[in-house]
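Structure at a glance
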Amino acid sequence: MPEAKPVAKKAPKGKEAAKPAPKEAPPEEAPVEAPKEAPPEDQSPTAEEPTGIFLKKPDSVSVENGKDTVILAKVNGNELPEKPTIKWFKGKWLELGSKSGARFSFKESHDSASNVYTVELHIGKVVLGDRGSYRLEVKAKDFCDSCAFSIDVEVPRQDAFGQGLESFKRSGEGKSEDVGELDFSGLLKKREVVEEEKKKKKDDDDLGIPPEVWELLKGAKKSEYEKIAFQYGITDLRGMLKRLKKAKVEVKKSAAFTKKLDPAYQVDRGKKIKLVVEISDPDLPLKWYKNGQEIKPSSKYVFENVGKKRILTIHKCTLADDAAYEVAVKDEKCFTELFVREPPVLIVKPLEDQQVFVGDRVEMSVEVSEDGAHVMWMKDGVEMTREDSFQAQYRFKKDGNRHILIYSDVTLADGGHYQVLTNGGQCEAELIVEEKQLEVLQDIADLTVKASEQAMFKCEVSDEKVTGKWYKNGIEVRPSKRITISHVGRFHKLVIDDVHPEDEGDYTFVPDGYALSLSAKLNFLEIKVEYVPKQEPPKIHLDCSGKTSENSIVVVAGNKLRLDVSITGEPRPVATWLKGDEVFTTTEGRIRIENQADTSSFLIESADREDEGRYTIKVTNPMGEDVASIFVRVVDVPDPPEAVRVTSVGEDWAILVWEPPKYDGGQPVTGYLLERKKKGSHRWMKLNFEVFTETTYESTKMIEGILYEMRVFAVNAIGISQPSMNTKPFMPIAPTSEPLHLTVEDVTDTTTTLKWRPPDRIGAGGIDGYLVEYCLEGSEDWVPANTEPIERCGFTVKNLPTGAKILFRVVAVNIAGRSEPASLFQAVTIREIVQQPKIRLPRHLRQTYVRKVGEHLNLVIPFQGKPRPQVVWTKGGAPVDPNRVHLRTSDFDTVFFVRQAARSDSGEYELTVQIENMKDTATIRIRVVEKAGPAENVMVKEVWGTNALVEWQPPRDNGNSEITGYFVQKADKKTMREHLWAQ
């Protein structure tokens, strides 16, 4: 296979440096082939430097028409996550894989040592239609890269110099080439032919557009020029339009085609399409081609001839049918392209709203109907691409039909409105990103310890994942034999054993990543023993004594309460704590007593509402007693709001109401927080970030037809309550539009029958039924005709006053309420409409109706009349026998039925339809027949030669029908076998 000639200049190799001269020319004068045109400025004459995954990109080549060519490229496998998928394209759409096995073939090899993939495209016998832009695409998982190249096809030229030598000969016969006169006439004639061919080729190829593309452009609409030019790589649009304008004037009517193919067709994958042309002569032979290969009839490709029309039907189109088609009649051709469109991609499971904190991992997933389908992600109306994902710190993932957007470390800037779009639908969701807020549930407290005792600082924060550091006087504290630092869940502890005087100082806990610090002081207490010989009565020393009429302390529920009361007295007094009549003596547990030399402490771990009340301390010694009381008030977050319910809904809104909590936690309720979610989802979305002070809230921006649930939190100065009970699932819906085409179907003296059609817009709430109302003309009091909605589109209103003029209207009802009414424009007068009786005798019963014995008789005869007429059947003036004939009569027809007809059923029947003194009659003639009996008195009257004269008498029973003829049979007397009788 000869090498293709690249567009860029290269050094000649071997025999390809020059072409051989024609045989007539002397070998030494063989001219060297003229060099090709210089490459454009943007093309380098040397091989392109490898970039990206391509170690060698495919070269643009120039090939002579009818020759073979090879396009080669090398791909670096070290840059790819797996074995790549290689695809070759012509232009933008046409994949060359669909032409495998014809002139296009592919080769792929892999060098495992260097991990280099070598791919080749072989094109055999290049034609002008192969000219254009091409593209090589490499895919591996989420990685994709491509590079472009072009193929130029040249018409083979004869060497002008060789032609000149061949034409320039000496005249005379039998003389050598060096003798005789030069024949200039042959040279001039040859030169004229060459000039004409050059001029024609220059006109045809000055734009480098193949002839079949010109044919496609000539038959296309002006609006399709740009699309075709882009598809076939035409860059000189102005030159193409000038030549098209000239060609439109010079175009000649086709001799073979009266109607050609359209420039392009489009069909959905899996559907069928018909390509239709019309030819001038139905006897002309016609052939269909796909990508240059003739199409043979099959179950997929069906050919039809309808007059002068020739139809190609392609069944169950696939992506392989996306190709160029042409039809040829003799020397004329017309072209088209078929584009196979992928089916619409539907969204099976949409996005869901999410509320996260900064630094969390977020996965937003959507499930579509097609595996490997293309979806578009958008954030706040801007498309999200893989190119931008490296800067925005997100990535895409595909898992079968699921498409996932992943943020490994979400930021505030990542919050917004996200959309996923496909060619068959879209969905959207909100991503709310909030800053993490660390709450201090228990602060560290100041400590006063004595020598050799243990000091323990303890704090509790809201996030159990938070770590931190301890500092003493600004210097970080490191663990040692005496110092232990621990972190268990939300609790952080610093324990100092065997306290020394140098341990005294300010201790601080700083959580990592938060601008927050908790501080407390460690006081070292020196013990001094003094001897006081005198005795003193006991005395209670409270810090709040004398300031208010009532000693009170407020504590937040869940926190630790410690009441340290200083007491004095000699000898040492005994302290007793009471709450009402209950005496506390335990030294362990949630509520306990700690007594020291001059202090009595009352401790409550994790205070709750039941601990609220008045506590009394009483100290006694031999010198007397002292009593003091302290009122402990426990404050807490409020109870959840009560009676949360949705009172009304609309197309995209709902009204939510609730009652304040019964217990406000000891602090007034400052407002409420609300959340909403879709039923079945676990992700709640906040509806307000500032507290809402009212107890009625309108929630908007909901999707009609989707079930939602809502809940409410109460807020006071202490914090946020637990959530309320979820509302019952509700659906934003709107009433339907009014019913259509309300008409009166029938009127009697006391009833009116109405009918109508369903509303145009029903909505997600569906339709439960219809209510019919009426009122007297001139009145505005509408009376319901039915209390329960009816489902069918028709209703008879009964018990109406005869002669009254009444207006009617119909409303549709669903869960959202009543629709606008559909009303009659004019009042209806309640009066029976009389219609004379009339029998509509079918055409086949207007003559004698003939049936055979044993068959059934089933006559259906329609009639009209109003009110309902009386129907009577008679035979010979007497009623029909009910044992033989079964009759059934409705408002509109009567049925005459006999299961097995007998000859006795023959005769004339009379049908009478009567309303009072008005009637109509019809006569039906029925004949039941059977086979005739045998002929009688059969005898041979005369015999002559091979002939015989036979006579007979007619049969006694003609089967209730006239005899139309006889059959005569004969048999051999010797055998008399029945099957040997001849007719």
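Residues numbered from 1 in each chain as written. Predicted model: local features only at pLDDT ≥ 70, side-chain atom pairs only at ≥ 80, totals over all residues. Heavy atoms only, no water.

An unreviewed UniProt entry annotates the protein as Myosin-binding protein C, fast-type isoform X3 of Zalophus californianus. Word for word, the UniProt comment on the protein under Sequence similarities (unreviewed entry) is "Belongs to the immunoglobulin superfamily. MyBP family." (UniProt positions renumbered as here; feature names shortened; annotations may be inferred.)

1. Looking at the overall build of the protein
Secondary structure assignment for the protein yields six helices and 72 strands. Within the span of the protein, comprising 983 residues, buried residues form 34% of the whole. Accessible surface, the protein as shown: approximately 60,400 Å² in total, 50% of it carbon and sulfur. (Helix = DSSP H or I, 4+ residues; strand = E, 2+ residues; numbered from the N terminus. Buried < 20%, exposed > 50% of the residue type's maximum accessible area, 1.4 Å probe, protein only. Areas by Shrake-Rupley, 256 points an atom, 1.4 Å probe, with all protein chains shown as cover.)

2. Focus on the nonpolar core
Among the nonpolar cores identified, the biggest contains 25 residues, and Phe54, Val75, Trp88, Leu121, Leu136, Val138 and Ile151 are the most heavily contacted of them. Going through the elements one at a time, β3 (61-64), β4 (69-76), β5 (85-90), β8 (116-123), β9 (132-140) and β10 (143-154) are the ones with two or more residues in this core. In this structure, Val138 is in contact with Ile53, Phe54, Val75, Leu80, Pro84, Thr85, Ile86, Phe143, Cys144 and Asp145, ignoring residues within four places of it in sequence. By size, the runner-up hydrophobic cluster in this structure holds 23 residues, among which are Tyr265, Leu284, Tyr301 and Ala323. (Core = buried A, V, L, I, M, F, W, Y, C linked by side-chain atoms within 4.5 Å. Contact = heavy atoms within 4.5 Å.)

3. Let's talk about the sheet that holds strand β21 (residues 354-357)
Spatial ordering of the open sheet is given by β21-β28-β27-β23-β24, a layout of five strands whose pairing is mixed. This sheet does not close on itself; its edge strands, each paired only once, are β21 and β24 (382-384). Here the strands of the sheet are splayed against their neighbours by 30° on average, with no regard to which way each runs. Summarising the sheet, strand β27 (residues 416-422) and strand β28 (residues 425-434) pair through seven bridges and their orientation is antiparallel. Residue pairing in the sheet places Gly416 in a bridge with Leu431 of β28. (Pairing = 2+ DSSP bridges. Axes fitted to C-alpha atoms, helices over the stretch in contact; angles between N-to-C directions.)

4. A word on the pattern of salt bridges
Summed over the entire model, instances satisfying the criterion amount to 39 salt bridges. Across the pair Arg818 and Glu773 runs a salt bridge, and its minimum N-O distance is 3.3 Å. Placement of the pair is Arg818 in strand β59 (residues 817-818) and Glu773 in strand β55 (residues 769-776), with a sequence separation of 45 residues. You can call Glu773 buried: its relative accessible area is 9%. Sharing partners across several salt bridges, the network here consists of Lys560, Arg562, Asp564, Arg592, Glu594 and Glu605. (Salt bridge = Lys/Arg side-chain N within 4 Å of Asp/Glu carboxyl O.)

5. Digging into the confidence of the model for the protein
Note: predicted coordinates in regions of low pLDDT should not be interpreted at a detailed level. Looking at the protein as a whole, the pLDDT averages 82, with 85% of positions reaching at least 70. Averaged over each element, pLDDT in the protein is lowest for strand β1 (residues 5-6) (38) and highest for strand β52 (residues 708-716) (95). Every residue in residues 1-50 scores below 50 in pLDDT, and together they form 53 contacts with partners more than four places removed in sequence or on other chains. The low-confidence segment residues 545-549, where pLDDT is below 50, has one contact with residues more than four positions distant or belonging to other chains. (pLDDT = per-residue confidence, 0-100.)

6. Focus on the packing of aromatic side chains
According to the stated counting rule, one finds 21 aromatic pairs in the structure shown. With 5.1 Å between their ring centres and 45° between their planes, Phe602 and Tyr615 make a pair best called tilted. Of the two residues, Phe602 is situated in strand β44 (residues 599-604) and Tyr615 in strand β45 (residues 613-621); the sequence distance between them amounts to 13 residues. By relative accessible area, Tyr615 is classed as buried at 2%. Arranged with centres 5.4 Å apart and planes meeting at 65°, the rings of Trp952 and Tyr966 form a pair that is edge-to-face. Here Trp952, found in strand β72 (residues 947-953), pairs with Tyr966, found in the segment after β72; they are 14 residues apart in sequence, far enough to count as distant. A connected cluster of aromatic rings, assembled from ring pairs, spans Trp377, Tyr394, Phe396, Tyr407 and Tyr418. (Phe/Tyr/Trp six-rings, centres within 6.5 Å; stacked < 30°, edge-to-face > 60°.)

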